[in-house]
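# Survey of secondary and tertiary structure
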Amino acid sequence: MRIGMLGGTFDPVHLGHLRSAVEVREALGLDRLHMIPAPQPPLRDTPQVSPEQRFELLTLGISDTPGVVADDRELRREGPSYSVDTLAELRQAYGDSASLVMIIGFDAFLRLAKWHKAKQIFSLAHLVVIARPGYNAPWPEALRELVGDREVDSVDELMQCPNGNVLTLALPSMMAISATYIRERLKMGKSVRYLLPEAVEEAILHYGFYHSSE
């Protein structure tokens, strides 16, 4: 089994998130990709929707996409939600022989050394870093030490063992859609057509999510 974990605030989920999920699943040959909303997005001025509502939108967005599932395990967990805990749960669910992959963006990867129990991540999963076109910031020294000699050059090499490797992956589409931009447009009452799946747009408009309360 090849299993992926893609976390995020998904506030709201948009076509960039979902297209990336499909392309990552295809590129890595994943049997299943868990999209997992984080319970607490950063504080913002815009009116917040609840984690449960974000999960509902994610479920609507994924719909019947093969091999991609909306997973609310972090919303059900008490206290702070750490990726290492989620990976431990997934490892327990799928067993020691499954290849488990955590997928993160390059910006998040640059901060990896500061994550909770960062070293333990590699004992549970591989790390696939989604590259940003034309963006190649230097790695902090602490990150270089953490990664060490774990880098591999291909999916085949990555999947030769269940965990412990790092692969940088460029996706074909890399749709430049921002959840912040979507929230701003909704707050101003402007169209978000073709930025979101139709079902997500309909639910947001129906419930009045992200709209200004003034």
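Since the structure is predicted, the reported quantities are computational estimates derived from the model, not experimental observations. (Residues numbered from 1 in each chain as written. Predicted model: local features only at pLDDT ≥ 70, side-chain atom pairs only at ≥ 80, totals over all residues. Heavy atoms only, no water.)

### Regarding the nonpolar core
Side chains of a nonpolar character, in soluble globular proteins, are inclined to be buried together. Ranked by size, the top nonpolar core spans 37 residues in total, and within it Leu-28, Met-35, Ile-103, Val-128 and Ile-204 carry the most contacts. In terms of residues, this core owes the most to one element, helix H1 (residues 15-28), which gives four residues. If sequence neighbours within four positions are ignored, Ile-204 has contacts with Pro-12, Leu-57, Leu-186, Leu-196, Phe-209, Tyr-210 and His-211. One finds Leu-100, Met-102, Phe-106 and Ala-108 within the second-largest nonpolar core, a separate group that totals 27 residues. (Core = buried A, V, L, I, M, F, W, Y, C linked by side-chain atoms within 4.5 Å. Buried < 20%, exposed > 50% of the residue type's maximum accessible area, 1.4 Å probe, protein only. Helix = DSSP H or I, 4+ residues; strand = E, 2+ residues; numbered from the N terminus. Contact = heavy atoms within 4.5 Å.)

### Quick notes on a negative patch on the surface
Taken together, the side chains of Glu-151, Asp-153, Asp-156 and Glu-157 present a region of like negative charge at the surface. Relative to the assigned elements, Asp-156 resides in helix H7 (residues 155-158). (Patch = residues over 30% accessible without salt bridge, like charges linked within 9 Å, V, L, I, M, F, W, Y side chains within 5 Å. Areas by Shrake-Rupley, 256 points an atom, 1.4 Å probe, with all protein chains shown as cover. Salt bridge = Lys/Arg side-chain N within 4 Å of Asp/Glu carboxyl O. Lys, Arg positive; Asp, Glu negative; His and termini not counted. Charge placed at Lys NZ, Arg CZ, Asp CG, Glu CD.)

### Quick word on unusual backbone geometry
Cis geometry marks the peptide bond from Asp-11 to Pro-12; its omega dihedral reads 0 degrees. Within the secondary structure layout, Pro-12 lies in the loop between strand E1 (2-8) and H1. Positioned with a positive phi, Ser-63 is a non-glycine residue whose angle comes to about 50 degrees. Mapped onto the elements of the fold, Ser-63 is located in the loop between helix H2 (51-62) and strand E3 (68-70). Residue Ser-63 is classed as exposed on the basis of its relative accessible area of 55%.

### Here we look at the environment of Pro-37
The topology assignment puts Pro-37 in strand E2 (residues 32-37). Considering only alpha carbons, one finds Pro-37 and Gln-53, 16 residues apart in sequence, at a separation of 11 Å. The contacts of Pro-37, once residues within four sequence positions are left out, are Gly-8, Phe-10, Arg-54, Phe-55, Leu-58, Asp-71, Glu-74 and Leu-75.

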